[in-house]
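Letter by letter, the chains look like this.
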Amino acid sequence: MAKLNETINVILNRVSLRKYDERHINDEELELILDCAIRAPTAGNNMLYSIIIIKDKDTKEKLSVSCDNQPFIKDADIIMIF
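What you see is a predicted model, and the numbers here were worked out from it, not measured in a lab.

**Topic: a nonpolar patch on the surface**
Judged by side-chain polarity, V15, L17 and Y20 come together as a nonpolar surface patch covering roughly 310 Å² of accessible area. Its location among the elements puts L17 in the loop between α1 (6-12) and α2 (27-38).

Now the structure itself:
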């Protein structure tokens, strides 16, 4: 197979995780993640989405329960809902 570019390599080698590092995501890292997210292509470049950032412990706990009792949600440093 021809040499793949970095984006294709990332897509083909992605995995789903349910356990995360206990690192804090600082504001600079969060801004970079958000900047990348808003640059992602959308149909017709409509950008019809919202990004909700959740850091509040009680809100994360409620989401953990409402999302089929998935404990990894409440343990996340930051939750991003698109």
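**Observations concerning the side chain of S64**
Structurally, S64 can be placed in helix α3 (residues 57-66). Relative accessible area serves as the criterion here: at 5%, S64 is assigned to the buried category. Only 2.8 Å separates the side chain of S64 from the backbone oxygen of Q70, close enough to count as a polar contact.

**Here we look at α3**
The complete set of buried residues in α3 reads K60, L63 and S64. One side of α3 carries all its buried residues, which in axial view fall inside an arc of 105°. For α3, the exposed residues set more than 90 degrees away from the buried face come down to D58, K62 and S66. Following α3 by one or two positions, D68 has its phi on the positive side, about 60°.

**Here we look at the layout of surface pockets**
Within this model, the largest pocket holds a volume of roughly 640 Å³. Contributing to the lining of the largest pocket are 20 residues, with Y20, D21, A76, D77 and I78 lying nearest its centre. Secondary structure elements with two or more residues in the lining of the largest pocket: α4 (71-75) and β2 (79-81). Here the residues of the lining of the largest pocket are counted per class, giving eleven nonpolar, one polar and eight charged.

**Re unusual backbone geometry**
Of note, D68 is a non-glycine position whose phi angle comes to about 60°, a positive value. Locating D68 in the fold gives a position in the loop between α3 and α4. We classify D68 as exposed; its relative accessible area is 68%. You will see that N69, though not glycine, has its phi angle at about 50°, which is positive. Its place among the elements puts N69 in the loop between α3 and α4.

Rules used in this analysis
Residues numbered from 1 in each chain as written. Predicted model: local features only at pLDDT ≥ 70, side-chain atom pairs only at ≥ 80, totals over all residues. Heavy atoms only, no water. Patch = residues over 30% accessible without salt bridge, like charges linked within 9 Å, V, L, I, M, F, W, Y side chains within 5 Å. Areas by Shrake-Rupley, 256 points an atom, 1.4 Å probe, with all protein chains shown as cover. Salt bridge = Lys/Arg side-chain N within 4 Å of Asp/Glu carboxyl O. Helix = DSSP H or I, 4+ residues; strand = E, 2+ residues; numbered from the N terminus. Buried < 20%, exposed > 50% of the residue type's maximum accessible area, 1.4 Å probe, protein only. Polar contact = N/O pair within 3.5 Å; in protein donor to acceptor, adjacent residues only side chain to side chain. Arc of directions from axis to C-beta. 1 Å grid on protein atoms, 1.4 Å probe; cavity = no way out; pocket = protein on both sides within 12 Å on 5 of 7 lines; lining within 4 Å. Points joined across faces, edges and corners; volume = space filled by probe spheres on them. Nonpolar A, V, L, I, M, F, W, Y, C, P; charged D, E, K, R; others polar.

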